[in-house]
Amino acid sequence: MKTIALVFGGKSPEHEISVRSAKNILAAVDRNLFQVLPIGIDPNGVWRLTDTDTLGAFVPDNGPALALVPGVNHNKIIRLDNQTPLQDPDAVLLILHGPQGEDGTVQGLLRIMDLPFIGPDVLGSAVCMDKDFAKRLLKEAGLSVAKGYVFGDHQKDALDYETLVAELGSPIFIKPANMGSSVGVHKVKDAADFEQAIADAFQYDRKIIIEEMIYGREVECAVLGNEAPQASVIGEVITAEEYSFDAKYVSATAAQTRIPAALQSGQMEALQQTAIKAYQALGCEVLSRVDMFLTDQGNIYVNEINTLPGFTSISMYPQLWEHDGLAYSDLITRLLELAMARHQKRGALKTQRIG
Ligand SMILES: Nc1ncnc2c1ncn2[C@@H]1O[C@H](COP(=O)(O)OP(=O)(O)O)[C@@H](O)[C@H]1O
Ligand SMILES: [Mg+2]
């Protein structure tokens, strides 16, 4: 029996989505193989042993706070209230979204703690979180991405709507470089909305991207694996309203998904190949969801890669694998196996120049 630390919540606008995913995972983890140590990160960023029986939408700020001890082989996690160590986890099931979850920071902490974790490593996580760097690497791999420009907060005053529209057409998309779940994302059709959209995007990051609109269907592929990743069937997201955080996660008319997406012959394979190419170009491992646009002409654009995608039982990533015959609970087991396999390989590397 292995012990799994389920780490969820986090200091992120996507806290609630993470808690929802965690509840579904708790209900589905194979209890013959794993016992679960629930570690919630409260909205202030404090790691706490969390009572999941009474868990609401947020990690409460009253569970015992935890301290991590780098460098030790045992008793890595200590309860601060009574100084007792928790059972050492064999792996960490990370289910955090957005900054300080998917961006390499937690991954770095877990590397220092010498604990296996699901999702790409430090570099892959950081690169996928940063839409600017991700697009540069995707382009370098020969994949198409929306044309766009990057601006730092020191360049705010130089931003000119008319110049951008002349280059990119209208509408344009404005988004923080590092964020997720459509937070801070704006579709701008006129100069009046421009200033406000810029100001909002800069609330979430010191760097924003402004890009052309791609007219296409939104299709997604679940990729799973380390050295030889596999691509799932392709799914489609259909939003009735304008895309938005609410449309995707809150409102009753939330986005509908279609699995598999209705595609012409050859398109499924082309999208799967693009997904794998993107996954490898950005240094992904264990899992990631590759989001793409498919235009009427059949052109494929990579929009973004989510390295710790939504993981409720009705989320796209697990649903795509479910369609391909890999059940939710078996998928969780597979992710943990991949995390441990990567960790074992790294553990076999020399860390000192001896002999
Ligand atoms: N260049 C674009 N063209 C068309 N739609 C876009 C574009 N960029 C973003 N969108 C829309 O906005 C949504 C959120 O943007 P995305 O880049 O995926 O950011 P997030 O990381 O917040 O999910 C997308 O799912 C898509 O509906
Ligand atoms: Mg997205």
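Residues numbered from 1 in each chain as written. Chains lettered and ligands numbered in written order. Predicted model: local features only at pLDDT ≥ 70, side-chain atom pairs only at ≥ 80, totals over all residues.

Visitor: Which parts of the structure should I look at to understand the nonpolar core?
Guide: Counting 69 residues, the largest nonpolar core has Leu6, Val7, Leu93, Leu94, Ile95 and Val223 as the members making the most contacts within it. By residue number, the principal contributor to this core is helix α10 (residues 328-347), which donates seven residues. Here this core gathers at least three residues from each of two domains, domain 1 (2-117) and domain 3 (215-345). Within the second largest apolar cluster, 15 residues are counted, among which are Ile174, Val188, Ala197 and Ile208. (Core = buried A, V, L, I, M, F, W, Y, C linked by C-beta atoms within 7 Å. Buried ≥ 20, exposed ≤ 12 C-beta atoms within 10 Å, placed from the backbone. Helix = DSSP H or I, 4+ residues; strand = E, 2+ residues; numbered from the N terminus. Domains from an automatic or database assignment.)

Visitor: Please clarify how the domain arrangement of the chain should be interpreted in this entry.
Guide: Domain assignment breaks the chain into domain 1 (2-117), domain 2 (147-212) and domain 3 (215-345). Taken together, the contacts link 20 residues of domain 1 with 17 residues of domain 3. At the level of secondary structure, the elements contributing two or more residues to the side of domain 1 that touches domain 3 comprise α1 (15-28) and β6 (91-95). A total of six residues in the side of domain 1 that touches domain 3 trace back to one element, the largest contributor, which is α1. When its residues are assigned to classes, the side of domain 1 that touches domain 3 shows 13 nonpolar, four polar and three charged. (Contact = placed C-beta atoms within 7 Å. Nonpolar A, V, L, I, M, F, W, Y, C, P; charged D, E, K, R; others polar.)

Visitor: Help me out: how do you make sense of helix α3 (residues 122-129) in this one?
Guide: Since there are 3.6 residues in each turn of an α-helix, residues three or four apart along the chain are aligned in direction. Across the eight residues of α3, six count as buried, placing the element largely inside the fold. Within α3, the full set of buried residues consists of Gly124, Ser125, Ala126, Val127, Cys128 and Met129. On the buried face of α3, the contacting elements are α2 (105-112), α4 (131-140), β14 (286-294) and β15 (300-306).

Visitor: I would appreciate a short explanation of the sheet that holds strand β2 (residues 34-41) in the present structure.
Guide: Note: strands within a sheet are paired through backbone hydrogen bonds, in either parallel or antiparallel orientation. Here we have four strands laid out as an open sheet, ordered β3-β2-β1-β6, and mixed in their pairing. Edge positions in the open sheet fall to β3 (47-49) and β6, since each of these has one partner strand only. Recorded for the sheet is a direction-independent mean angle of 30° between the axes of neighbouring strands. Here strand β1 (residues 2-9) runs beside β2; their pairing, made up of eight bridges, is parallel. Residue isoleucine 4 lies in a different strand from β2, and its bridge partner there is valine 36. Packed on one face of the sheet, α1 meets β1, β2 and β6 and runs near 155° to β1. (Pairing = 2+ DSSP bridges. Axes fitted to C-alpha atoms, helices over the stretch in contact; angles between N-to-C directions.)

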